[in-house]
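Structural features, examined
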There are 2 protein chains.
Amino acid sequence: MAHHIENEDCYSGLSVNSGIEQPPTVNPYLQKRKKKQTYTAAEYTEGILKGNRTILSQAVTLLESLKPEHQVIAQEVIEKCLPYTGKSIRLGITGVPGAGKSTFIEAMGMYLVNDDHRLAVLAIDPSSERSKGSILGDKTRMEQLSSHPNAFIRPSPSAGSLGGVARKTRETIMLCEAAGFDTIFVETVGVGQSETAVHSMVDFFLFLQVAGTGDELQGIKRGIMEMADGITINKADGTNVDRVNLTKAQLTSALHLFPLPESGWSPKVLTCSALNGINIDGVWEMITEYIAFVKESGYFDHKRLRQSKYWMYESINDQLKSHFYNNEKIDALLTEYEQKVVDNKISSFIAAKELLDSYFGK
Amino acid sequence: MAHHIENEDCYSGLSVNSGIEQPPTVNPYLQKRKKKQTYTAAEYTEGILKGNRTILSQAVTLLESLKPEHQVIAQEVIEKCLPYTGKSIRLGITGVPGAGKSTFIEAMGMYLVNDDHRLAVLAIDPSSERSKGSILGDKTRMEQLSSHPNAFIRPSPSAGSLGGVARKTRETIMLCEAAGFDTIFVETVGVGQSETAVHSMVDFFLFLQVAGTGDELQGIKRGIMEMADGITINKADGTNVDRVNLTKAQLTSALHLFPLPESGWSPKVLTCSALNGINIDGVWEMITEYIAFVKESGYFDHKRLRQSKYWMYESINDQLKSHFYNNEKIDALLTEYEQKVVDNKISSFIAAKELLDSYFGK
């Protein structure tokens, strides 16, 4: 341990060898990055449009930043990129824990980049504990893909509400599209309402399943089955094949009980083995068939437009609420009113009315 | 046609027989009602607590009125009734068209009132066209029940947003409870999100089905299966019994694919024939078993409290939005911004930001 004494002359009671130099507590690489030049919105945009992954990555970091001055630049970059967005196929991927999502994304991703696609893999994962299931927090689980020049892998922002995280993911999609990525994967671990958020920003929603009995399949989150444009049962290999086929029959018959989705496309149930690369092409074929089908019918554009409007209104409604609930007066009153309602002392509607009156300063 | 000329003397070009007197354009009964005395909040409350159905009915009309002065009295009545609410069993009923909801409610209702229950039947039906399926617009379809002294049948308010209609229905539940009704049915025809609204105000949600193949069962609205605490397949009579039993097996197996609801209660699939009065008691027994189960576990109270809080927040969020969207400045800008987003001229988020800045006067 190297002790530094300000005035060495007046201290002689203890001789201390200076020893080896300690590594700094801050990673010098990070320090260097901090000192790195920041770009103007025009420079970011230029870099993104050239497909520069480093600048793209820095722009996403800016987007995720909570600092207002970063937000201003980030929003300007998005506006400038806007004319170059929208040309990718956006694929949402969800699945029960243990469905092999990371292996699947690695296999499907390698299949695509080897076919000259440029692929961005993003995630919505509002939980702060990465280990809970997000595959993208651990890029090493997608070793090949993460080092491939045609792939861009970006974990979910680690903090914030689902609404905030989803919004940032949606903005990241736009930057990736401007950077020339033609295929976007948005992964979710299925926490809370995150499937709905993913569903509202993708063209095709894939639900990854594993073989199991009814009881095991109960891991299915409510409503996911009905959101899926396609279901794929992974791990169809070895002695597992029979069980996978049984599950396929069960899920096909269950899907039959749901109404035909608005797209007019009947969701298919396929099987694959991501580990052994079996039928990865078949799954991709299903997706491209779907895209061709909805482009032909006009549903593709219809859905995209609706999603854009949805995000405008979602963003407005989110911010109206946060403006209200972050109001100091309201914050002070809310617990009190909630308790009164719970104690049946005032009705829910009177409570709401009085809080709103206070907010609007009546 | 009787023409009324202001100054008959100066007009002689055309002789008009006065003809028969035309019926007034306004129903004289309605006019009479208008002249009827209005009560004070205290008088309404007294009448309701005495179980006076006429006064209850008038109070509900007041509640449904859009006039602010009526709303003030109505809210006061609700506050006064509040201590006497909460003691009923609230049952939500939905079903595909043709499932025989009116026959079922008539049969189940008669079964209950004959067993000394006091039953109120309400509805959530935000569509303005009653004929589309609301059973309560046509009381004659529940002839026996509607004339029974222990039953109170009230159709859905005919106009307004789902949020508004649902709120009024929830307030009506409270008035009915204060008037001593121990069982409340809330019926919905399953338009849009109305099941979610019903689900958020009842203790038990019953989904009425009919026999059918997978294709026919596609009439099931997304998500309903997962909301139901019980499914009953109606029309289990005559030659239909085999088909009903097959459907029962299909639905039971499909339910098996869903996770166990939070209540810890496994939803059951029963059959009945409302027309022939078969197994109506069985269905009621399932409901009372469920109620006993969740009262024992504490889930009953937990759900009720959560519903109260839900309605407070729902009411706040609804009104925050309506305050924003009814703002003149916003109203003038909204279409323009929506179009800009659709044309990909500005991002959804910038559009939202600029609208919010305008609203908050920045």
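Our structure is the block above this text.
Residues numbered from 1 in each chain as written. Chains lettered and ligands numbered in written order. Predicted model: local features only at pLDDT ≥ 70, side-chain atom pairs only at ≥ 80, totals over all residues. Heavy atoms only, no water.

Regarding the sheet that holds strand S4 (residues 183-188) of chain B
All names here are of chain B. Pairing within the open sheet is parallel, and its seven strands lie in the order S3-S2-S4-S1-S5-S6-S7. Bordering the open sheet on either side are strand S3 (151-153) and strand S7 (268-271), each of which pairs with just one other strand. Ignoring strand direction, the axes of neighbouring strands in this sheet form an average angle of 20°. In this sheet, S4 lies alongside strand S2 (residues 119-124) in parallel orientation, the contact comprising six bridges. Bridge pairing links Val 121 to Phe 185 in S4. The sheet contacts of helix H11 (residues 241-255) involve strand S5 (204-209), strand S6 (230-233) and S7, and relative to S7 the element is tilted by about 170°. (Pairing = 2+ DSSP bridges. Helix = DSSP H or I, 4+ residues; strand = E, 2+ residues; numbered from the N terminus. Axes fitted to C-alpha atoms, helices over the stretch in contact; angles between N-to-C directions. Contact = heavy atoms within 4.5 Å.)

Regarding the interface of chain B and chain A
Facing the 60 residues of chain B at the interface are 59 residues of chain A. Both faces combined, the contact of chain B with chain A buries some 5700 Å², and carbon together with sulfur accounts for 65% of it. Counting the contacts that link chain B with chain A gives two salt bridges. Among the ionic pairs, Lys309(A) bridges to Glu338(B), the shortest N-O distance being 3.7 Å. The interface formed by chain B and chain A holds ten residue pairs in polar contact (both at pLDDT 80 or more) in total. (Buried area = accessible area lost by both parts, 1.4 Å probe. Salt bridge = Lys/Arg side-chain N within 4 Å of Asp/Glu carboxyl O. Polar contact = N/O pair within 3.5 Å; in protein donor to acceptor, adjacent residues only side chain to side chain.)

Some points on the environment of His199(A)
All names here are of chain A. Along the chain, His 199 turns up in helix H8 (residues 194-199). Sequence-wise, His 199 and Ile 93 are 106 residues apart; in three dimensions their C-alpha atoms are separated by 9.3 Å. Apart from residues lying up to four places away in sequence, His 199 is in contact with Phe 205, Met 227, Lys 303 and Gln 307.

A few points about the packing of aromatic side chains
Overall, the coordinates contain 22 aromatic pairs over all chains when judged by the stated rule. Plain terms: the ring middles of Tyr325(A) and Tyr313(B) are 5.9 Å apart, the flat faces sit at 45° to each other, and that makes the pair tilted. In this pair, Tyr325(A) is assigned in helix H13 (residues 299-325) and Tyr313(B) in helix H13 (residues 299-325), connecting two distinct chains. Among the residues examined, Tyr313(B) registers a relative accessible area of 22% and is labelled partly exposed. Measuring from centroid to centroid gives 5.1 Å for Phe204(B) and Tyr290(B), while their planes differ by 80°, and the two rings are edge-to-face. Highlighted residues: Phe204(B) in strand S5 and Tyr290(B) in helix H12 (residues 280-297), separated in sequence by 86 residues. The ring of Tyr337(A) has Lys340(A) sitting right over it, with the charged end atom 4.6 Å from the ring centre. (Phe/Tyr/Trp six-rings, centres within 6.5 Å; stacked < 30°, edge-to-face > 60°. Buried < 20%, exposed > 50% of the residue type's maximum accessible area, 1.4 Å probe, protein only. Lys NZ or Arg CZ within 6 Å of the ring centre and 35° of its normal.)

So, the relation of the copies chain B and chain A
Between the two copies of the chain lies a rotation about an axis combined with a shift along it. Overlaying chain B on chain A yields an RMSD of 0.2 Å, the required transformation being a rotation through 179° with an accompanying axial translation of 0.0 Å. Expressed as a symmetry operation, the mapping of one chain copy onto the other fits a two-fold axis. Interface overlap between copies is the fraction of interface residues in one copy that are interface residues in the other; for chain B against chain A it reaches 98%, indicating a shared surface. (Least-squares fit on C-alpha atoms with pLDDT ≥ 70 in both.)

Section: the environment of Asn245(A)
Residue and element names in this part refer to chain A. Along the chain, Asn 245 turns up in helix H11 (residues 241-255). Here Asn 245 falls in the partly exposed class, since its relative accessible area comes to 40%. With 25 residues separating them along the chain, Asn 245 and Leu 270 place their C-alpha atoms 9.4 Å apart.

As for the pairing of strand S1 (residues 89-95) of chain A
Within a regular beta strand, the side chains point alternately toward one face of the sheet and then the other, so they alternate between its two faces. All names here are of chain A. Burial runs high along S1: seven of the seven residues are buried. Covered by surrounding structure in S1 are Ile 89, Leu 91, Ile 93 and Gly 95 together with Arg 90, Gly 92 and Thr 94, the residues of both alternating faces. Where S1 meets strand S5 (residues 204-209), five bridges bridge the pair, whose relative direction is parallel. Note that in S5 the partner of Ile 93 across the bridge is Leu 206.

Some thoughts on the side chain of Thr85(A)
By the element assignment, Thr85(A) lies in the loop between helix H4 (68-81) and S1. Polar side-chain contacts of Thr85(A) include one of 2.8 Å to the backbone oxygen of Leu82(A). Setting aside its immediate chain neighbours within four residues, Thr85(A) contacts Met174(A), Glu177(A) and Asn344(B).

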